[in-house]
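# Report on the structure
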Amino acid sequence: MTTQTVTAARTSRTKERTGTRRFSLGKTIAWCYIGLILLVTLFPFYWMLRTALSNNLALFTDPGSLLPVHFTLGAFARVLGLATQAQAVAEGGSGASLQIGPFLLNSLIYASLSTACTVFFSTIAAYAFARLQWRGRETMFSVFLSALMVPGILTLLPNFVLIKDLGLLNSFGGMVLPTALFSAFNIFFLRQFMLGLSNEIEEAALIDGAGRVRLLFTITVPMTSGPIITLTILNFINAWNDYFWPLLVTSDNSVRPLTLALAVFKQSSPQAQPDWAGLMAATLVAALPMLVIFMIFGKRIVNSIGFTGLK
Amino acid sequence: MMTTITKTRAGRLGKRPPRVRGSINAKAPAHRRDAALAWVLIAPGLVGFVAFVAYPTLRGFYLSFTDFRVLTPPTWTGLDNIIELAHDGVFWNSLLVTVYFVAISVVLGTAISIVTAVILHRLTASSVIRGLIILPFLISGVVAATLWSWMLDAQLGVVNVLVQHVFGHPVMFLTTRAWAIPSIAMISIWKSMGYNAIIIFAGLQTIPSSIYEAGRLDGASEVKMFRYLTLPLLRPILAMVLILSIIGSFQVFDIVQVATRGGPANASKVLQMYIYQKAFGQFDFGYAATMSLALFVVLIVITFLQMRLTRASESDTN
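None of the values given here were measured: they were computed from a predicted structure.

## Side note on the interface of chain B and chain A
Each partner contributes to the interface: chain B provides 100 residues, whereas chain A provides 100 residues. On the chain B side of the contact with chain A, B:Phe52, B:Leu138 and B:Trp150 bury the most area, a combined 9% of that side's loss. Linking chain B to chain A there are two salt bridges. Ionic pairing is found between B:Arg59 and A:Asp165, a salt bridge with its closest N-O pair at 3.5 Å.

## What to know about the packing of aromatic side chains
Taken as a whole and assessed by the stated rule, the structure comprises 32 aromatic pairs over all chains. Judged by centre distance (5.5 Å) and plane angle (75°), the ring pair of A:Phe129 and A:Phe144 falls under edge-to-face. Of this pair, A:Phe129 sits in helix α4 (residues 101-131) while A:Phe144 sits in helix α5 (residues 137-145), and the two are 15 residues apart along the sequence. Grouping residues by exposure puts A:Phe129 and A:Phe144 together as buried. Aromatic pair B:Phe68 and B:Phe285: ring centres 6.2 Å apart, planes at 70°, arrangement edge-to-face. Placement of the pair is B:Phe68 in the loop between β1 (66-67) and β2 (75-76) and B:Phe285 in helix α15 (residues 285-310), with a sequence separation of 217 residues.

## Looking at the confidence of the model for chain A
Do not read the fine detail of predicted coordinates wherever pLDDT is low. Looking at chain A as a whole, its pLDDT mean stands at 84, while 88% of the residues score no less than 70. Low pLDDT, under 50, characterises residues 1-19 of chain A; the stretch is placed with one contact to residues that sit more than four places away or in other chains.

## Here we look at the side chain of B:Thr260
All names here are of chain B. Topologically, Thr260 is positioned in the loop between α13 (254-259) and α14 (271-281). Thr260 sits in the buried class, given a relative accessible area of 12%. There is a polar contact of 2.7 Å between the side chain of Thr260 and the side chain of Ser268.

## A word on a nonpolar patch on the surface
All names here are of chain B. Among the surface-exposed residues, Val297, Val301, Phe304, Leu305 and Leu309 lie close enough to one another that they form a single nonpolar patch of about 510 Å² accessible area. Mapped onto the fold, Val301 is located in helix α15. What makes Val301 partly exposed here is its relative accessible area of 41%.

Each value, and the rule that gives it
- Residues numbered from 1 in each chain as written.
- Chains lettered and ligands numbered in written order.
- Predicted model: local features only at pLDDT ≥ 70, side-chain atom pairs only at ≥ 80, totals over all residues.
- Heavy atoms only, no water.
- Contact = heavy atoms within 4.5 Å.
- Buried area = accessible area lost by both parts, 1.4 Å probe.
- Salt bridge = Lys/Arg side-chain N within 4 Å of Asp/Glu carboxyl O.
- Phe/Tyr/Trp six-rings, centres within 6.5 Å; stacked < 30°, edge-to-face > 60°.
- Helix = DSSP H or I, 4+ residues; strand = E, 2+ residues; numbered from the N terminus.
- Buried < 20%, exposed > 50% of the residue type's maximum accessible area, 1.4 Å probe, protein only.
- pLDDT = per-residue confidence, 0-100.
- Polar contact = N/O pair within 3.5 Å; in protein donor to acceptor, adjacent residues only side chain to side chain.
- Patch = residues over 30% accessible without salt bridge, like charges linked within 9 Å, V, L, I, M, F, W, Y side chains within 5 Å.
- Areas by Shrake-Rupley, 256 points an atom, 1.4 Å probe, with all protein chains shown as cover.

Below you can see the structure in the form of structure tokens.
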């Protein structure tokens, strides 16, 4: 009995020791792997900045330099419309340089409008599904959820035709409408949180004579503000980065968002010597709001992505 | 308190009307006008659902069997579009190109995501690192593709500076047939790897650590534990990640549009791009709808097969 225990203890100790050694070697390799992943993930962002701060004409003299070549803010001045034609050409920008200012504004309007509408309408619908008792509730909810099965590719073309028939091409209304009123994921996401709220506060307020609608905005919405903020961020990111749908329904520069302008700018760059510095400055400006959102809400975004997997 | 619990549960099941319970008198008036309000609250959503999901889906099916050029009303042509599709070499080429892209980006992307998630999980709880790896996911495909077009540029791109150092000659990543799709797949992996890794990471966090402790007591190595504990337990999450990646990859568009525009010579003309060109370049909406339908069928079949193969709904524990 005793011998057995001793032997067992000894073997387990040996195992532990070899285990630790192997593990720390493995640990080093693992950290190297993580380092490599981070390098590959983050280096392009640095390269975007490095190029944007370079003089486009000088880029070819030292394409491998880790620092900006002939440091200048000219590329940013160029894309923000602050540089004169002569200045732009002097630094290797094309004569018809990209002025992203108006497109930036369009993106802001499109993303804000789309986000505000979809979050608002999803919130009130989620409230009806989570907090109210009514006949047909579960049926309607399954009907709504069935939308998750329909991929975009099937509805995009018919939706374009519909928006065209409604005369909404080249308008923010047309860009926003298909997602503004209804989003199955948003409703599902908010309903999950609203179901978990306690009834007591609501009931107390009801007895005090408050109406349901007032309850929704004074009690339920504040109590689910966390998930609502998360959804707002996710929807804003999606709308800001959206490319295909705006491409279908807009052709006029007065409403086109920045993603479209950027793609056009990239595609119409001359083959011989594209304005890479200008392009990188423009992409950096396009990515900047996302980077800022990331710095403020990074953890929230990571958690919400985790939720996608666990639902 | 009791009533609260009962009510919540009943509310969640939603089958039993509130009348059945003992507390009717207190609760009934509270929910008396719920139905009217509920319909008002879901009305915008319902309009959106009917107008922009249900109706377009049905219309998409219908348009697939018509000749429709937008300016004139659609005319029913029966199976003509499908017959044309069967004989359309460009379509089959696009399908092949798309499958090639999906294969590279999903297989390689998922593999890297799993390894990254597992290593992160065993190594560190740092939410900063987890945050940093999703950074590429937050920027648009257009930005990612523009950035990588520059980095992969044949003359001045930094990747080619490196390649030239090592191999002595540059690689035309985006302008040769052989490299176009692998390069685009690489950009796509760069953009989505972190996102998938975070989903898998969240799945790993649900596996109780006692299982690993037991494994270690039995003398299992890290690799063995990964093979015989982690992978089987992660099966449902992995299946979901795979299905989401496949569905997303089949509809790739913006990266291709910006990086190669389908070139060189259709070498990277993915299905979504061909559909777009048919619809908005040649205004052949009927045919474009047929191709959308074909893609939809492909996605359904793949999802179904995958659910069967990976038994997505159950992990090996139950």
